[in-house]
Amino acid sequence: MKLPAPLHVINEGLAFLLEVAALVVLACWGWQSVENMAVRLVLAVAAPLSAAVLWGLFASPKARIPVPLMVVLGVKVLVFGAAVAALYAIGRHGWATVFAIVIAVNTALATLDRNALMHQEA
């Protein structure tokens, strides 16, 4: 299923916003998850940094290491799943549910669009 051009642009923009939101959520989780200030700081930096590095290596449109689509989707599940779990862990259960649904729809549309484009080029 190829998305119409305006919907494609909107979906890609939403994907970027979801990726940034996942990093923010992971930082918030790191800050709120422990009492010790030093550990808080380490987690607030390390959690989103780890996710960003993993994403940049395997899942971004300009990934450093090209991998099959299933690996890209696996990385997305890992990063976005961690963000959803982090939201749930800090008590934002409704937001976690909404975030998970929006991510699932966005990723499904992007995957269908990408597959249609690949078949069109072949």
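The structure presented is a predicted model; accordingly, all values stated were derived computationally and were not measured.

Things to note about the environment of V25
Thought 1: Inspection of the secondary structure puts V25 in helix 1 (residues 5-32).
Thought 2: Of the residues examined, V25 reaches a relative accessible area of 12% and is grouped as buried.
Thought 3: Expressed as a C-alpha distance, the spacing of V25 and G74, which sit 49 residues apart in the sequence, is 19 Å.
Thought 4: With residues up to four places along the chain from it excluded, the contact list for V25 reads A83, A86 and L87.

Brief notes about the packing of aromatic side chains
Thought 1: Counting across every chain of the model gives two aromatic pairs.
Thought 2: Seen in terms of ring centroids, W55 and F80 are 5.2 Å apart; in terms of plane orientation they differ by 70 degrees. Their pairing is edge-to-face. Placement of W55 in helix 2 (residues 37-59) and of F80 in helix 3 (residues 69-89) is noted, with a sequence separation of 25 residues between them.
Thought 3: Take W55: its relative accessible area is 9%, and that puts it in the buried class.
Thought 4: The class for F80 is buried, based on a relative accessible area of 6%.
Thought 5: For the ring pair F80 and F99, a centre distance of 6.4 Å and an interplane angle of 90 degrees mean the geometry is edge-to-face.

The rules we used
Residues numbered from 1 in each chain as written. Predicted model: local features only at pLDDT ≥ 70, side-chain atom pairs only at ≥ 80, totals over all residues. Heavy atoms only, no water. Helix = DSSP H or I, 4+ residues; strand = E, 2+ residues; numbered from the N terminus. Buried < 20%, exposed > 50% of the residue type's maximum accessible area, 1.4 Å probe, protein only. Contact = heavy atoms within 4.5 Å. Phe/Tyr/Trp six-rings, centres within 6.5 Å; stacked < 30°, edge-to-face > 60°.

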